[in-house]
Amino acid sequence: MKIEGSVALVTGANRGLGKVLAEQLKAKGAKKIYAGARDPAKVAYAGVEPVKLDITSAADVSATAKALGDVNLVINNAGIAPFSSLAADASLEVARTAMETNYFGTLRVANAFAPILAKNGGGALVNMLSVLSWITYPSLAAYCASKSAAWALTNALRHELKEQGTLVIGVHAGLIDTDMAAGVDAPKVSPEQVAAAILEAVASGREEVLSDEPSRQIKAALSAQPGPYL
C-alpha cells in the first residue's frame, strides 16, 4: 500500500520507535497520523493527533476504534519488557503482565481494527515482534514468551485477514536504541533504521521484516542442529 495519503494509527507512539515511526510516516506523506499513548499528553511532537490508548484496556481500544474509522494502516508497536526469570517467586504475575500487553493487547487492537481496515480497502496491520520471538534470555523469559506468542498470532492473522485484502507484517529486531533498552550494554540498531524497514515493507508488500543482523542471523539458524534456541 502507499504510505503517501494513508491514515495511520501507531500504538505506543509517545517515545522510542513509535515516535520515530510517526515522524517517518509524516515525512513520507501520510495524510493523518494518530499517535496512541496511555497518556496522550506525553505525545509532545507536532504533526500527529494524540489518542488516549492503553492497549490492555478493552474500553480504550473499543473507543479508539469507534473514533478512528478512517484508518487504513495500524502499527502495533506498544509493548513492555519486564526483567524477570520464569522461576522467580513473582514470575506468574510478571508473565501475565507481559502477555496482557504484548500478546492480548496486540490481539485486542487487531480485532478492533480488522473490520475498519476491510472497510477501507484492506490496508495493512504491522505487529512489532522481536528476535526474542525465536530465542530466550532467562532474564527476559516472560517477554520472550509473550513475543513468541505474538509471532504465532501474527502468522494466524496473516492467513485470516488475507481474504479481506489486509497485508499483515511481522517485524523482528534485536536491541533497539530506545529507552526500553537503555540499561543494556550491547550493540543496538537505531529506531530510524527499524522504522524505515517497516515502512519499506508496507510500501512493497513484504510480510516479514528482519530489520538488523541479529534477527537475520537467528532466523537463518532456526533449522540448524542444535537450534539457536537450545
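Residues numbered from 1 in each chain as written. Predicted model: local features only at pLDDT ≥ 70, side-chain atom pairs only at ≥ 80, totals over all residues. Heavy atoms only, no water.

Visitor: How do you make sense of the overall build of the protein when you look at a structure like this?
Guide: Along the protein, the regular secondary structure elements total six helices and seven strands. Listed N to C, the secondary structure of the protein is β-α-β-β-α-β-α-β-α-β-α-β-α in terms of helices and strands. Taking 17 Å as the expected radius of gyration for a compact globule of 230 residues, we find that the protein reaches 17 Å, a close match to that expectation. For the C-alpha atoms alone, the extent of the protein along its principal axes is close to 45 × 35 × 30 Å. (Helix = DSSP H or I, 4+ residues; strand = E, 2+ residues; numbered from the N terminus. Rg over C-alpha atoms; globule rule 2.2 N^0.38 Å.)

Visitor: Help me understand the packing of aromatic side chains, please; the structure alone is not making it clear to me.
Guide: The description of an aromatic ring pair uses the distance of the two centres, along with the angle that the planes make with each other. According to the stated counting rule, one finds two aromatic pairs in the structure shown. Judged by centre distance (4.9 Å) and plane angle (80°), the rings of Tyr103 and Phe104 are edge-to-face. A residue is classified by how much of its surface remains accessible, and Phe104, at 40% relative accessible area, is partly exposed. The interplanar angle of 90° and the centroid separation of 5.8 Å between the aromatic rings of Trp134 and Trp151 together place this pair among those described as edge-to-face. You can see Trp134 sitting in the loop between strand S5 (124-128) and helix H4 (141-162) and its partner Trp151 sitting in helix H4, a full 17 residues away along the chain. Residue Trp134 is classed as buried on the basis of its relative accessible area, which comes to 6%. Stacked on the ring of Tyr45, the Lys or Arg Lys19 has its end atom at 5.2 Å from the ring centre. (Phe/Tyr/Trp six-rings, centres within 6.5 Å; stacked < 30°, edge-to-face > 60°. Buried < 20%, exposed > 50% of the residue type's maximum accessible area, 1.4 Å probe, protein only. Lys NZ or Arg CZ within 6 Å of the ring centre and 35° of its normal.)

Visitor: Could you clarify how one ought to interpret the nonpolar core in this entry?
Guide: Formed by 35 residues in total, the largest nonpolar core has its most connected members in Leu25, Leu73 and Val194. Of all the elements in the fold, those that place two or more residues in this core are strand S1 (7-10), helix H1 (16-27), strand S2 (32-37), strand S4 (73-76), S5, strand S6 (167-172) and helix H5 (191-204). For this core, the element with the most residues is H5, which contributes seven residues. When sequence neighbours within four positions are dropped, the list of residues in contact with Leu73 reads Met1, Ile3, Val7, Ala8, Leu9, Leu25, Leu117, Ala124, Val126 and Val202. With 23 residues, the next largest nonpolar core counts Ile55, Val61, Ile116 and Val168 among its residues. (Core = buried A, V, L, I, M, F, W, Y, C linked by side-chain atoms within 4.5 Å. Contact = heavy atoms within 4.5 Å.)

Visitor: For this particular structure, what's the right way to read the pattern of salt bridges?
Guide: Should their charged atoms come close, side chains of opposite charge can pair. A complete count under the given rule lists eight salt bridges for this structure. Between Glu23 and Lys19 there is a salt bridge, and its shortest N-O distance comes to 2.7 Å. In this pair, Glu23 and Lys19 are both assigned in helix H1, four residues apart and thus about one turn of the helix distant. By relative accessible area, which is 34% here, Glu23 ends up partly exposed. Put simply, Asp60 and Lys52 hold a salt bridge, and the shortest N to O gap is 3.0 Å. We classify Asp60 as buried; its relative accessible area is 12%. (Salt bridge = Lys/Arg side-chain N within 4 Å of Asp/Glu carboxyl O.)

No statement about biological role is implied by the geometric values presented.
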